[in-house]
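Chain residues, written in single-letter form:
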Amino acid sequence: MTPEQFRAHGRKVVDWIADYLASVEEHPVRAQVSPGEVRAALPAHPPEHGEPFDAVLADLDRVVLPGITHWQHPSFFAYFPANASGPAMLGDLLSSGLGVQGMLWATSPACTELETVVVDWLAELLDLPSRFRTDERGGGVIQDSASGAAVVALLAARQRAGEGRHRVYVSSQTHSSLEKAARVTGIGAENVRVVDVDPGSLAMDPEHLDRLITEDLAWGFVPTLVCATIGTTSTTAVDPVPRIGEVCRDHGVWLHVDAAYAGVAAVCPEFRWCNDGVAEYADSYVTDPHKWLLTNFDCSVLWLGDRAPMVEALSILPEYLRNAASSSGEVIDYRDWQVPLGRRFRALKLWSVIRWYGAEGLRAHIRRCGDLADRFADLVAADPRFDLDPHHPFGLVCFRPRWPGASQAESDAATTELMERLNDSGELYLSHTRARGHVVLRFAVGSPATEARHIDAAWQRIAAEYDAVMAERKDR
Ligand SMILES: *Cc1c(COP(=O)(O)O)cnc(C)c1O
């Protein structure tokens with residue numbers, strides 16, 4: 001493809017995306033295809049001869065689009081958001097256009113230095129401690145995901161802890177990526193200890209953590225890493241980081257703070273409480289601009305208070321990568337801050353986002369989502385057919401329908417049936433979790449496209465579908 005051909009097709013692609021975003025609401029939110037349908041509509045064998053790019057675009061409309069779940073749809077309320085935005089997409093396109101592989105400073109100095117500036121900017125926007133800044137002993141780095149970041153944090157923690165039988169501490173609400181990290185690093189799932197949570201708030205119990213660590217020390221284990229979560233995946237519960245941090249400090253254990261979804265809310269001063277204790281105690285901290293902060297996947301930022309143990313754990317220097325800049329010690333080689341060697345120029349999209357929106361635009365986005373979530377929560381609270389979880393600070397509202405006279409199992413089945421029917425309708429998409437013994441519905445408001453009318457329409461649809469399920473249950 002020549003540059004002139006690229007220009008012509010590129011314009012069509014940008015137009016395609018703009019049209020898609022302008023009309024995304026016309027699609028059913030969740031893909032309505034059955035397993036294998038997309039695959040069956042595609043040729044089983046690759047073409048022998050090159051095809052025009054228009055043929056790709058035609059198949060995009062014909063085959064791919066029907067198999068897409070529309071994460072940017074204003075009525076997408078499932079899981080957590082995976083925001084995309086114009087500036088992020090354009091930044092990503094520029095990254096593709098440059099085609100840089102930024103494994104070393106020397107393989108593209110700007111790729112490294114722009115990333116350093118952008119992660120320092122984000123630390124400032126979130127009011128994270130200055131020791132996380134690259135000009136001090138710590139530093140931030142863009143990872144593919146919070147899961148990848150957990151592996152890096154655990155490797156650093158193990159490096160600092162030294163040899164021995166390592167133990168990792170999580171709660172039942174901690175993201176599954178921590179157990180995966182324990183498996184991947186060879187520490188093993190059997191060395192992951194599950195700390196109790198408060199049955200009401202679902203926050204980790206620091207006294208139980210203290211007891212488990214003390215017990216492990218007595219048995220000769222090496223307590224290596226504690227993961228505290230700010231905004232759990234299930235219900236956005238917040239672990240008591242200040243108290244957990246004290247326990248970690250008393251025993252010399254690495255504190256990793258997982259704020260993958262909720263951490264970005266700290267762009268707003270009124271949300272800074274969520275990071276209480278981080279400045280004093282966190283050894284590593286991760287948050288995902290690729291969830292709620294308008295930066296399309298993948299963009300997860302991991303900061304460390306001291307980068308040395310991470311670099312010791314991950315640096316490896318084969319002859320073919322030796323270069324004067326690396327030897328000088330004056331540059332950062334981000335390949336030593338992650339598991340893979342190669343890396344994309346992801347800083348471009350985060351840079352574009354921060355520059356386009358500015359701090360005030362980012363704050364406005366978070367606040368708008370919070371207000372819309374409050375609007376939804378008020379609707380639920382006012383309706384005796386539903387129970388609301390009053391904890392919904394971060395745009396996620398958990399609630400469950402009441403099924404009078406139903407057993408626990410019947411009640412959970414009816415809630416699940418209600419959710420499936422709503423999602424099958426294509427009008428909205430929500431997901432579920434299990435909390436405090438019940439199946440609970442999760443309604444996450446995070447899209448810049450969502451307006452009050454989408455919240456109200458979703459609520460009307462939920463209430464109407466509840467009545468329909470209820471009537472059918474009575475008939476059975
Ligand atoms: C989403 C989430 C993760 C995993 O994030 P990825 O970036 O998709 O790996 C980890 N922890 C929490 C609390 C999350 O909400």
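As the structure is a prediction and not an experimental result, all values here were calculated from the model.

Tell me about the overall build of the chain, residues and numbers included.
Looking only at helices and strands, the chain features 16 helices and eleven strands. A principal-axis box enclosing the C-alpha atoms of the chain has dimensions of 75 × 65 × 45 Å. Looking at the chain as a whole, 51% of its 476 residues are labelled buried. Long-range contacts, defined as pairs at least 24 residues apart, comprise 76% of the intrachain contacts of the chain with a sequence gap of at least 6.

Describe in detail unusual backbone geometry, supporting the description with residues and values.
For the bond from Phe297 to Asp298, the omega torsion is 5 degrees, close enough to zero to count as cis. Within the secondary structure layout, Asp298 lies in the loop between helix 11 (289-292) and strand 7 (300-304). In this structure, Tyr79 is a non-glycine residue whose phi angle is positive, near 45 degrees. As for its position among the elements, Tyr79 is in the loop between helix 3 (53-64) and helix 4 (86-98). Take Tyr79: its relative accessible area is 43%, and that puts it in the partly exposed class. Its identity is not glycine, yet Arg436 carries a phi of approximately 50 degrees, on the positive side. Of note, Arg436 is situated in the loop between strand 10 (431-435) and strand 11 (438-444). We classify Arg436 as partly exposed; its relative accessible area is 40%.

Tell me about the UniProt feature "modified residue: N6-(pyridoxal phosphate)lysine" (unreviewed entry) in the chain, and please be specific about residues and values.
Under the present numbering, the feature "modified residue: N6-(pyridoxal phosphate)lysine" (unreviewed entry) in UniProt falls on Lys291. Along the chain, Lys291 falls in helix 11. Overall, Lys291 belongs to the buried group, its relative accessible area being 18%. In this structure Lys291 touches Phe80, Pro81, Ala82, Asn83, Ala260 and Tyr261, once residues within four positions along its chain are discounted.

Any chance you could break down the pattern of salt bridges for me, citing the residues and the numbers?
Scanning the model with the defined rule gives 40 salt bridges in all. Note that Glu270 is salt-bridged to Arg367, the shortest N-O span being 2.6 Å. One end of the pair, Glu270, is in the loop between strand 5 (254-258) and helix 10 (278-281); the other, Arg367, is in helix 14 (residues 347-381), with 97 residues separating them in the sequence. For the salt bridge of Arg421 with Glu465, the shortest nitrogen-to-oxygen distance reads 2.8 Å.

Tell me about the sheet that holds strand 8 (residues 386-388), and name the residues and values.
Working definition: the strands of a sheet are paired by backbone hydrogen bonds and lie parallel or antiparallel to each other. Here we have four strands laid out as an open sheet, ordered 8-9-11-10, and antiparallel in their pairing. At either margin of the open sheet sits one strand with a lone partner, and together these are strand 8 and strand 10. With direction set aside, neighbouring strand axes in the sheet form an average angle of 40 degrees. Across three bridges, the pairing between strand 8 and strand 9 (residues 396-401) is antiparallel. In the sheet register, Leu388 faces strand 9, and the bridge partner there is Phe399. Contacts between helix 16 (residues 452-475) and the sheet are confined to strand 8, strand 9 and strand 11, with strand 8 contributing the most and set at about 135 degrees to the helix.

How would you explain the packing of aromatic side chains if you had to name every residue and give the values?
In this description, a pair of aromatic rings is defined by centroid distance and the angle of the planes. Taken as a whole, this structure holds 21 aromatic pairs when the rule is applied. Note on Tyr261 and Trp292: the rings are 5.1 Å apart at their centroids and 15 degrees apart in plane angle, and the pair reads as stacked. In this pair, Tyr261 sits in the loop between strand 5 and helix 10 while Trp292 sits in helix 11, placing the two residues 31 residues apart along the sequence. On the numbers, 3.6 Å between centres and 5 degrees between planes, the contact of Phe376 with Phe443 is stacked. Taken together, the residues span a long stretch of sequence, with Phe376 in helix 14 and Phe443 in strand 11 at a distance of 67 residues. Taking relative accessible area as the criterion, Phe376 reaches 0% and is therefore assigned buried. With a relative accessible area of 0%, Phe443 lands in the buried category. Three or more aromatic residues joined by ring pairs form one cluster here, namely Phe77, Phe376, Phe386, Phe399, Trp403, Phe443, Trp459 and Tyr466. A cation sits over an aromatic face here: Arg167 above Phe221, 3.6 Å from the ring centre. If you follow Arg355 out to its NZ or CZ, it ends over the ring of Trp351, 4.8 Å from the centre.

Could you give an account of the pairing of strand 1 (residues 139-143), with specific residues and numbers?
The element strand 1 is largely enclosed, with a buried count of five among its five residues. Here strand 1 shows a buried face lined by Gly139, Val141 and Gln143 and a second buried face lined by Gly140 and Ile142. Note: strand 1 against strand 7, five bridges, orientation antiparallel. Bridging from a neighbouring strand, Gly140 pairs with Trp303 of strand 7.

Now, about the layout of surface pockets: what can you tell me, with residues and values included?
Approximately 920 Å³ is the volume found for the largest pocket. Lining the largest pocket are 33 residues; nearest its centre among them are Val13, Trp16, Ile17, Met89 and Asn296. Among the secondary structure elements, those contributing two or more residues to the lining of the largest pocket are helix 1 (3-22), helix 3 and helix 4. Tallied by class, the residues present in the lining of the largest pocket amount to 23 nonpolar, eight polar and two charged. There are two domains that each give the lining of the largest pocket at least three residues, and those are domain 1 (1-30 + 69-84 + 359-476) and domain 2 (100-344).

So, the site of the ligand: which residues are in play, and what are the values?
In the vicinity of the ligand lie 13 residues, with Ala146, Ser147, Asp258, Asp288 and Lys291 positioned nearest. In the environment of the ligand, an oxygen atom lies 3.0 Å from a nitrogen or oxygen atom belonging to the side chain of Thr233. A distance of 2.8 Å separates an oxygen atom of the ligand from a polar side-chain atom of Asp288. A total of 380 Å² of accessible area belongs to the ligand in isolation, and the protein chains cover 89% of it. Those elements giving two or more residues to the shell around the ligand turn out to be helix 6 (146-161) and helix 11. Tallied by class, the residues present in the shell around the ligand amount to three nonpolar, seven polar and three charged.

Hey, could you go over empty space enclosed by the protein for me, with residue numbers and the actual values?
Inspection of the entire model under this criterion finds one cavity of 30 Å³ or more. Considering only enclosed or pocket space, the largest cavity measures out at about 50 Å³ in volume. Its residues assigned to classes, the lining of the largest cavity shows seven nonpolar, three polar and no charged.

Thresholds applied
- Residues numbered from 1 in each chain as written.
- Predicted model: local features only at pLDDT ≥ 70, side-chain atom pairs only at ≥ 80, totals over all residues.
- Heavy atoms only, no water.
- Helix = DSSP H or I, 4+ residues; strand = E, 2+ residues; numbered from the N terminus.
- Buried < 20%, exposed > 50% of the residue type's maximum accessible area, 1.4 Å probe, protein only.
- Contact = heavy atoms within 4.5 Å.
- UniProt positions renumbered as here; feature names shortened; annotations may be inferred.
- Salt bridge = Lys/Arg side-chain N within 4 Å of Asp/Glu carboxyl O.
- Pairing = 2+ DSSP bridges.
- Axes fitted to C-alpha atoms, helices over the stretch in contact; angles between N-to-C directions.
- Phe/Tyr/Trp six-rings, centres within 6.5 Å; stacked < 30°, edge-to-face > 60°.
- Lys NZ or Arg CZ within 6 Å of the ring centre and 35° of its normal.
- 1 Å grid on protein atoms, 1.4 Å probe; cavity = no way out; pocket = protein on both sides within 12 Å on 5 of 7 lines; lining within 4 Å.
- Points joined across faces, edges and corners; volume = space filled by probe spheres on them.
- Nonpolar A, V, L, I, M, F, W, Y, C, P; charged D, E, K, R; others polar.
- Domains from an automatic or database assignment.
- Near = heavy atom within 4 Å.
- Polar contact = N/O pair within 3.5 Å; in protein donor to acceptor, adjacent residues only side chain to side chain.
- Areas by Shrake-Rupley, 256 points an atom, 1.4 Å probe, with all protein chains shown as cover.

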